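Observations on the three-dimensional arrangement
Here's the letter readout for the chains.
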Amino acid sequence: MDAQPFNIPASVTYDPSRLASLPTSQLVEIILRQQTLIQALQQSQATPFEEAVPPPLLPPKSPYLLLRTEEGNCYFTLSEGSCWTVGRSDDNSIPLADRWMSRNHAMIQAMAPNEFYLIDLGSRNGTFINGRRVNIPVSLRHGDHVTFGQTELEFFAQPTQLKLRDDSSTLGLNLDAPPPENTEGSATALLHVRRLLSVLVVDIRGFTVMARQLDEALLSEVMGTWFHQAGNIIRQYGSWVDKYIGDAVMAVWIHRSNEVSPREMQRVLMALNDLYHMTSHLHVEYGLAQPLRVGAGINTGYAMVGNAGSGDRPDYTALGDTVNAAFRLESVTKELKIDVALGATTFGYLAARDSDGQVMPFRMQLANLKGYEAPMPIYTGTFADLQDFLAMKIKRDDTLY
C-alpha cells in the first residue's frame, strides 16, 4: 500500500513524538522537501532578510556631532537654534545614556555660522576636547574628539562661505517678524545695518589667580556653573549670551525702536544685579576661600546686527564700535577699582525722566579707554550703588504707574 503524502502546515511546529510515529516513507518525503527548500534559498541572490536591512545613514550637511556605536553611526545635527545642552537627562537637546555623565553636563553655543563653543556646566566628571579638560568656553574645530563622561563624540563642521546682505527692507529687522526661511545646509549670514542696542560685558575678577589656586576639576565645575547660570539670568531678562570669552560673557539687548525707555534699561541693570548676586554666592556652594567678584561695562548705541540663525528662532550677533566700547568700559573698571561703568548714552536713557539727577548714584568722570584718542565721559559706581538705584527706580515707577 502506497504511503499517503504527509503535509505539515507552515504554522504548525514539528512535534518529535508525532514524527517518531510516522512511517519511514513519510519521513523521507519530509526530509527531501526540506532539502529542496534549502537549495532554493542557497541559489537565490538575496537572503530572505536582506531587504529589511536599512541603508546606512549619510552624514548631514549641517554641522553635527557623531556618535559611533556597534549598531552604526548616530548623528546629532547642530542646525536648529543656537544652543544645545548635553547630558543624561531626557530634557537635554542631546540626551546620552551614560551614568558617568551629569544630568545637565555641557552646552554647545553657536556664535556664528560654523563657529561653536563648548561649555562645561559644572559636571562632576568633566568635559574633554582631544583629551584636555574644558575649564572655560573652548572653540570647537572640525574633527575634534569630545568626551562627556565615558561617551566620545566627534565634531564636524566644514568651512562655508558667508553671503552678506544689507537690504534691511527684506531681512526682517522687526523682531516681531517671523525668522527668515532656512534651507537645510544653508550658511547664509544676514547683515542688518544700524540697530539700536545695549551691550553688557561681565568679567570674573582675578580669574588667573583663581585658576592657579584651584584643582582643575573644581575650577571646571565652578566656571561651568557660572556660565550656565549667567546664561539663564540673561535669557530671563530678554536677551541672549552673544559671546563666551574666557572668563567673561557678553549679552545684547536689541531695542525695538530708535528710542529706549528707562524701563528697558532697567532690565539690563536688573540682569547685572542678579549676575552679581549669583556670582557672590558661588563660593558657598563650592567651599571656596572667598567670594568670586565680577566687574561690568554697559554701552548703548548703534551697531551692525547679523542674523546667523535658522529654524524656529533668529540668532543675532552684534559688531561695531558700540560693542568694542562695552569691552573697554568693563576693562577700565579694573584700572579705576570700581564695579560698574556705563557709557554716556546708557546713562542718558536711564536718567530720561530724572532731570534733576537726584536718584542717579553713578558718578561722571573722564576715562582713557583703550583705542580712543580723547578721554571719554563715563559713569561709574559700585554694586551697592546699582542696588540702591534699582530700589529707588522700582519704587518710583510703581508710584507713577
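Located above this text is the structure these notes cover.
These notes cover the structure that comes with them. (Residues numbered from 1 in each chain as written. Predicted model: local features only at pLDDT ≥ 70, side-chain atom pairs only at ≥ 80, totals over all residues. Heavy atoms only, no water.)

1. Brief notes about the sheet that holds strand 10 (residues 145-148)
What counts is decided by this rule: Should DSSP find at least two bridges between two strands, the strands are taken to pair. What counts as a helix is a DSSP run of H or I of at least four residues, what counts as a strand is a run of E of at least two, and both are numbered from the N terminus.
If you walk across this open sheet you meet the six strands as 2-1-11-10-7-8, and the pairing is antiparallel. Whereas interior strands pair on both sides, the edge strands pair on one side only; in this sheet they are strand 2 (72-77) and strand 8 (132-133). Across six bridges, the pairing between strand 1 (residues 64-69) and strand 2 is antiparallel. Looking at the pairing, leucine 67 lines up with cysteine 74 of strand 2.

2. A few points about the pairing of strand 13 (residues 240-245)
Where strand 13 meets strand 14 (residues 248-254), five bridges bridge the pair, whose relative direction is antiparallel. Note that in strand 14 the partner of tryptophan 240 across the bridge is valine 252. Counting the residues that bridge the hairpin from strand 13 to strand 14 gives two residues, and of these glycine 246 lies at a positive phi of roughly 60 degrees.

3. Details of the nonpolar core
To keep it simple, the criterion reads: Among buried residues, those of type Ala, Val, Leu, Ile, Met, Phe, Trp, Tyr and Cys that are joined through side-chain atoms within 4.5 Å constitute a nonpolar core. The buried label goes to any residue with under 20% of its type's maximum accessible area, the exposed label to any with over 50%, and the partly exposed label to all in between, with areas taken from a 1.4 Å probe on protein chains only.
Of all hydrophobic cores here, the largest spans 54 residues; its most connected members are Leu200, Val202, Trp226 and Leu272. Residues Trp84, Ala106, Phe155 and Ala157 belong to the second largest nonpolar core, which totals 22 residues.

4. A few points about helix 5 (residues 262-286)
Rules: One fewer than the residue count of a helix, multiplied by 1.5 Å, yields its expected span. Think of it this way: the bend at a residue is just the angle between two axes, each fitted to seven residues, one set ending at that residue and the other starting at it.
Relative to the 36 Å expected for 25 residues at 1.5 Å per residue, helix 5 spans 37 Å between its end C-alpha atoms, a close match to the ideal helical length. Taking the largest bend as the criterion, helix 5 deviates by roughly 25 degrees, centred on serine 280. Remark: glycine 287 follows helix 5 within two positions and exhibits a positive phi of approximately 65 degrees.

5. A few points about the pattern of salt bridges
Think of it this way: side chains of opposite charge can pair up when their charged atoms draw near. Basically, it comes down to this: One side-chain nitrogen of Lys or Arg within 4 Å of one carboxyl oxygen of Asp or Glu is enough to make a salt bridge.
Following the criterion strictly, the structure yields seven salt bridges and no others. Across the pair glutamate 221 and arginine 124 runs a salt bridge whose closest N-O atoms are separated by 3.8 Å. In this pair, glutamate 221 is assigned in helix 4 (residues 216-236) and arginine 124 in the loop between strand 6 (115-120) and strand 7 (127-129), connecting sequence segments 97 residues apart. Judged by its relative accessible area of 11%, glutamate 221 falls in the buried class.

6. A word on unusual backbone geometry
The backbone of asparagine 130 shows a phi angle near 50 degrees, a positive value even though the residue is not glycine. With respect to the helices and strands, the residue asparagine 130 is situated in the loop between strand 7 and strand 8. A relative accessible area of 47% places asparagine 130 in the partly exposed class. In the Ramachandran plot, lysine 337 falls in the positive-phi region, its phi being about 55 degrees despite a non-glycine side chain. A relative accessible area of 76% means that lysine 337 is categorised as exposed.

7. Some details on the packing of helix 4 against helix 5
Two quantities define a packed helix pair, namely the angle between the axes and the distance from one axis to the other. The criterion, for reference: Axis lines are fitted through C-alpha atoms, for helices just across the contact stretch, and the angle between N-to-C directions can take any value from 0 to 180 degrees. Convention used here: angles under 35 degrees read as roughly parallel, angles over 145 as roughly antiparallel, angles from 65 to 115 as roughly perpendicular, and any remaining angle as oblique. In a left-handed crossing the near helix is turned counterclockwise from the far helix by less than a right angle, and in a right-handed crossing that turn is clockwise. Here, two residues are considered to be in contact whenever any of their heavy atoms come within 4.5 Å of each other. Residues are grouped as follows: nonpolar covers Ala, Val, Leu, Ile, Met, Phe, Trp, Tyr, Cys and Pro; charged covers Asp, Glu, Lys and Arg; every other residue, Gly included, is treated as polar.
Interhelical geometry of helix 4 versus helix 5 gives an angle of 155 degrees and a closest axis separation of 10 Å. By the angle between their axes, helix 4 is roughly antiparallel relative to helix 5. In this structure, the crossing between helix 4 and helix 5 has a hand that is right-handed. Across the interface between the two elements, Leu218, Glu221, Val222, Thr225, Trp226, Gln229, Ala230, Ile233, Ile234 and Gln236 of helix 4 pack against Arg267, Ala271, Asp274, Leu275, Met278, Thr279, Leu282, Glu285 and Tyr286 of helix 5. Counted by class, the contact of helix 4 with helix 5 contains eleven nonpolar, four polar and four charged residues.

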